[in-house]
Amino acid sequence: MVSPNSPETPGGAAPASARSINDVVIRLAGNSQDGIQSIGGFLARLAGRSDQDVMTYMTIPSTISGGPSIFQVRMGTGDILSAGDRADMLVAFYQHSYEAHIGSLRPGGVLIYDSDHVKPNAEDNRFTNVAAPITTGTVEAVGGTSKDKGKNIYVLGLLARIFDLEVPKLAALIKERFGGKNEDIVRNAMLAFDAGYAWPQNNLRDLFYRFEAVDQNGLAAAPSTRPQVTLDGNTALAYGLIAGGVRHGAGYPITPWSSIMEILRSELPKYGGMFLQCEDEIAAVSTALGFSYTGQLAITGSAGPGLSLKMEALGWATMAEMPIIVVNVQRGGPSTGMPTNVEQSDLMQAIYGSHGDTPRVVLAPKNVEDCFYIAIEAARIARAYSTPVIILSDQGLSSRIEAFDEPDLPNLMVDPKPDLSERPADFKPYPLNAVTQHAPAGSRVASGKYPVVTGLEHDELGHPTGSPKLHAQMNAKRREKFKGLAASLPAPELTGDSAGEVLLVTWGSNWGPAREALARIRHAGIKAGHLHVRHVHPLPNGLEETFARFHKVVVAELNDEGLYGFGQFAMMLRARYAMPHIVSVTKTDGLTFKVSEIVAGVAQHIESTALEATVGTARSSALARS
Amino acid sequence: MSSAPAVATPPAPGAPLTKKALVADHPTWCPGCGDFAVLASFYRVLEKLNYPHEKIVTFAGIGCSSRFPYFVNTHGGHFIHGRALPFAAGISLGNDDLHVFVFGGDGDGFSIGGNHLVHTARKNVNLTYVIMDNSVYGLTKKQTSPTSPIGFKSKTDPWGAFDQPINPMRTLLNSGATFVARSHATQVNHMTEMMLRAAKHPGFSVVEILSECVEFFEGAFDAAVPRKGGAFTLIDEKKNDGSPEDAARHDPADEVAAFKLAGQAWPGAFGVFYENKSRKTKNALEAEVSVKAREKTKGAADLALLQSTFSRLR
Ligand SMILES: Cc1ncc(C[n+]2csc(CCOP(=O)(O)OP(=O)(O)O)c2C)c(N)n1
Ligand code: SF4
Ligand SMILES: [Mg+2]
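Residues numbered from 1 in each chain as written. Chains lettered and ligands numbered in written order. Predicted model: local features only at pLDDT ≥ 70, side-chain atom pairs only at ≥ 80, totals over all residues. Heavy atoms only, no water.

Caption draft 1: Region of the structure containing the interface of chain B and chain A. At the interface, 57 residues of chain B touch 65 residues of chain A. Across the chain B to chain A interface the summed buried area is about 5,200 Å²; carbon plus sulfur atoms make up 62%. Contact with chain A buries area across many residues of chain B, yet B:His75, B:Phe310 and B:Arg314 alone supply 14% of it, more than any other trio. There are four salt bridges connecting chain B and chain A. As a salt-bridge pair, A:Arg247 and B:Asp302 come within 2.9 Å of each other at their nearest N and O atoms. Connecting chain B to chain A are 25 residue pairs in polar contact (both at pLDDT 80 or more). Only strand E2 (75-78), helix H3 (84-94), helix H5 (114-123), helix H9 (282-296) and helix H10 (302-312) of chain B provide two or more residues apiece to the side of chain B that touches chain A. The element that contributes the greatest number of residues to the side of chain B that touches chain A is H10(B), accounting for nine residues. Across the side of chain B that touches chain A, the residue classes tally to 25 nonpolar, 21 polar and 11 charged. (Contact = heavy atoms within 4.5 Å. Buried area = accessible area lost by both parts, 1.4 Å probe. Salt bridge = Lys/Arg side-chain N within 4 Å of Asp/Glu carboxyl O. Polar contact = N/O pair within 3.5 Å; in protein donor to acceptor, adjacent residues only side chain to side chain. Helix = DSSP H or I, 4+ residues; strand = E, 2+ residues; numbered from the N terminus. Nonpolar A, V, L, I, M, F, W, Y, C, P; charged D, E, K, R; others polar.)

Put into structure tokens, the structure is as follows:
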């Protein structure tokens, strides 16, 4: 064992027996106090900094302190698009972890279990079983009063050895993480790490791997030249808002939205802005609208239940044409539902919620990186069209950590300064022939006549009106501006074949699993494409032409098939395009799509035996010896 | 509904703000409605304050009284029922240069907006809130309001209301409002003085004005109208002049005394019940957070700040 005080932690080449892999899914199962999540945090940060171009992708289930906790990380070279369907390796800390999760391990996979706590089923010979003394190894290495604290770092060391990870970088990350605390903690962590790292060397003969790049059916992105950053979706969204020039906001806590408001509460004052915690979601949306009225485009947010509370005020925002960004981090519903699970069942609420005719904009990010960019896009649209914009993120994105190219901030930052310049004498808040741009409170109007922003139907100057003609004209004004927006939107990303048997259509976080599903479908010899929609409402123009080039259009989404057999987005598309070949794949088990679930759903619709055979097929990156 | 365009002359910058520049649409209230007098008083208040025209905001929720912003030529807004206060908090905190006035009824403020009233008050957001209390729902035509007295026959309590009404002064004191006053729409000078003092108060200031709905609750406030045999009892405010009679006078800084005063029998007293000049405003406290944060970051520009965050996320 190497001294923890030595500047160089053990490195050394991987044993000659190390096998090349390009992708691995590791599931860690223990209790939440074991710091399992932080193993993943380290691996993700390492991936972000690695020359090996390793990327990670993970789900962090929100657990009450003390309960069982799992964490899945997928590392690989090139694009990692989904969390992976089944684990290639399971690390089980306790008997209950083993029992609950052995079913998620792929036959032929590797089980590493804590020999101090777990007795695996001796009859079960589907896996390569590795008994590692995780608890005693940690206790012996760290000693003193810390008991088995540090087991997570021991396992990190173990994995670093098995997968030939960059140890100096991991050591630096450990020092960064614990450096703020006292010296002993860093030393203990390094002791645990070194012990974990040393163990496989002496106890495993041939379970060593090395990541190597492969071309993923030509779908892999070109390697990036930019530095990588590693963060979760809520963090990306919060900083995207800042980049987009948003400096004000208001909210009320609810899982899984809260971390956005927590970040903004601390960050916005640094930028001269503020984020307020209000008494409820109605006050939050109202306060945010008040900020916007002063010319400071503001954000509010919540999960589904809170979005419902905001609906009356959002009706006002449509009528008064007041810009605002509303983030909805979707979770399982209705009501309190499944607060720590993922679902995409707020789409209809986002598009059609509120009363009266309320055209507005709905956007959905496709992955963690896109949470950043969609926030900038939302701010741009809210300003340009003086409109509410709803961002539909979800629980999966909110807590998942991904590594991606650092954004090119100098070219992205938007100036938040409100336009308080004097308005000309003929200023009209609600012109019939142009998009509304308000004169914020504080700006002079040359005529000396000041406007009232209003929820009553109004004329061009904002005076209340009961005129049937004006109501129709103003409804048209509020609607037509979005036709202009739709016409200006880029065509959605279309991957794979541009015509053929089946077009897979997704919105939101299903982008990744659908891309992988597409690869499998095409691998089975089927001509197929994948269309992903970020601008969910209004839809970009021209989709009907793409749809018409495929025999079946299969919309995969995480919500219920409803009374008529179609998910919410599929319903929208069928209503919009009146094309009966648009069909649905839905599910509501509170989990993100597995690639195999999408493939199976598509197979049902196109009745292809070739495709059915591929359902559930393991990827080529098997860890097994046989 | 009249939508006659506002007759307003643009005042030269710096010229005193006159009523002529402040009138807008002709009010749509019923003839004789108490709200007319509140409006007339408010013009006088604005003339006296002489703020830059573009820095005044008149804001409201929904109700007869909440039509107010259409009748005042300032930046203004007509929001949804009961939620004017959180919106106005956003205005006040979004631009600290603005002078924010919120108008609304007893239903808007104490019923649907009751929770917002409590929280805007406790946070001491810098704005002035005028509650035009007619003890009835005017706009929706005579339903019981949270200030309707027991026995009031409304369309929703044809046999006479029996739920305990809210005591507005006590509710406001209890919520932590830092300026609490009460007036009567038949007392134009008093109303003007109360609104002026409220406007000058730094923090959340409220004036409850008893404003009769002649259509649905005629005579509701006659007990405080001398012309109708009532008594308009003014609060005798402490002058701090050292005189012996001053000891018995009401000290607006004394919260306990204010509570006592608020418990008087109907129609009670009029004037400033409570004024707390020392509590910091939400505006000041939030500004301090920003100043401290910027000291820590040494006032770094936005781009540099965000760039350093991303560098840490590498
Ligand atoms: C959400 C909602 N609920 C109900 C109403 C109907 N409504 C409009 S004003 C009002 C009450 C008005 O009473 P008050 O606030 O005392 O104002 P007044 O008309 O007496 O001045 C009600 C119930 C509404 N506009 N919005
Ligand atoms: S109904 Fe009552 S409160 Fe409304 S305008 Fe008429 S008198 Fe005034
Ligand atoms: Mg009323």
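Caption draft 2: Main features of the environment of A:Val327. Residues and elements named next belong to chain A. Checked against the element boundaries, Val-327 lands in strand E13 (residues 324-330). Overall, the relative accessible area of 0% leaves Val-327 in the buried class. In this structure, the C-alpha to C-alpha distance between Val-327 and Ile-260, residues 67 residues apart in sequence, is 9.2 Å. (Buried < 20%, exposed > 50% of the residue type's maximum accessible area, 1.4 Å probe, protein only.)

Caption draft 3: Examining the coordination of the magnesium ion (ligand 3) more closely. All names here are of chain B. The protein atoms that coordinate the magnesium ion (ligand 3) are Asp-106 (OD), Asn-134 (OD1) and Val-136 (O), at distances of 2.1 to 2.2 Å. Positions of the donor residues of the magnesium ion (ligand 3) along the chain correspond to the pattern D-x27-N-x1-V. For the pair shown, Asn-134 and Val-136 are each scored as buried. (Donors = N, O, S within 2.8 Å, 3.2 Å for Na, K, Ca; no water.)

Caption draft 4: Region of interest: the packing of helix H16 (residues 511-523) of chain A against helix H19 (residues 595-606) of chain A. Residue and element names in this part refer to chain A. Remark: H16 packs on H19, axes separated minimally by 8 Å, with the N-to-C direction vectors making an angle of 55°. If you check the angle between H16 and H19, you find them oblique. In the packing of H16 onto H19, the handedness of the crossing is right-handed. Contacts between H16 and H19 involve Pro-513, Ala-514, Glu-516, Ala-517, Arg-520 and Ile-521 from the former and Val-595, Ser-596, Ile-598, Val-599 and Val-602 from the latter. A breakdown of the residues in the contact of H16 with H19 according to their chemical character gives eight nonpolar, one polar and two charged. (Axes fitted to C-alpha atoms, helices over the stretch in contact; angles between N-to-C directions. Parallel < 35°, antiparallel > 145°, perpendicular 65-115°, else oblique. Left-handed = near helix turned anticlockwise from the far one by under 90°.)

Caption draft 5: Looking closely at the sheet that holds strand E6 (residues 204-210) of chain B. Taking strand neighbours across the sheet as the criterion, the nine strands line up as E17(A)-E2(B)-E1(B)-E3(B)-E4(B)-E6(B)-E5(B)-E8(B)-E7(B) in an open arrangement whose pairing is mixed. Because the sheet does not close on itself, it has two edges, and the strands there are strand E17 (452-454) of chain A together with strand E7 (233-234) of chain B. Relative to strand E4 (residues 127-133) of chain B, strand E3 (residues 99-105) of chain B runs parallel, the two sharing five bridges. Bridge pairing links B:Gly104 to B:Ile131 in E4(B). (Pairing = 2+ DSSP bridges.)

Caption draft 6: A look at the site of ligand 2. In the region of ligand 2, the neighbouring residues are B:Trp29, B:Cys30, B:Cys33, B:Cys64, B:Asn134, B:Cys213, B:Val214, B:Glu215 and B:Phe216. Here the residues of the shell around ligand 2 are counted per class, giving seven nonpolar, one polar and one charged. (Near = heavy atom within 4 Å.)

Caption draft 7: How the structure looks around the sheet that holds strand E10 (residues 248-251) of chain A. Residue and element names in this part refer to chain A. Overall, mixed pairing links the seven strands, which are arranged E11-E10-E12-E13-E15-E14-E21 in an open sheet. Only two strands of the sheet have a single partner each, and these edge strands are strand E11 (274-277) and strand E21 (535-537). Shown here is a sheet whose adjacent strand axes are inclined to one another by a mean of 25°, direction ignored. Sheet topology places E10 next to strand E12 (residues 298-302); four bridges connect them, and they run parallel. Paired with Ala-250 across the two strands is Thr-300, which belongs to E12.

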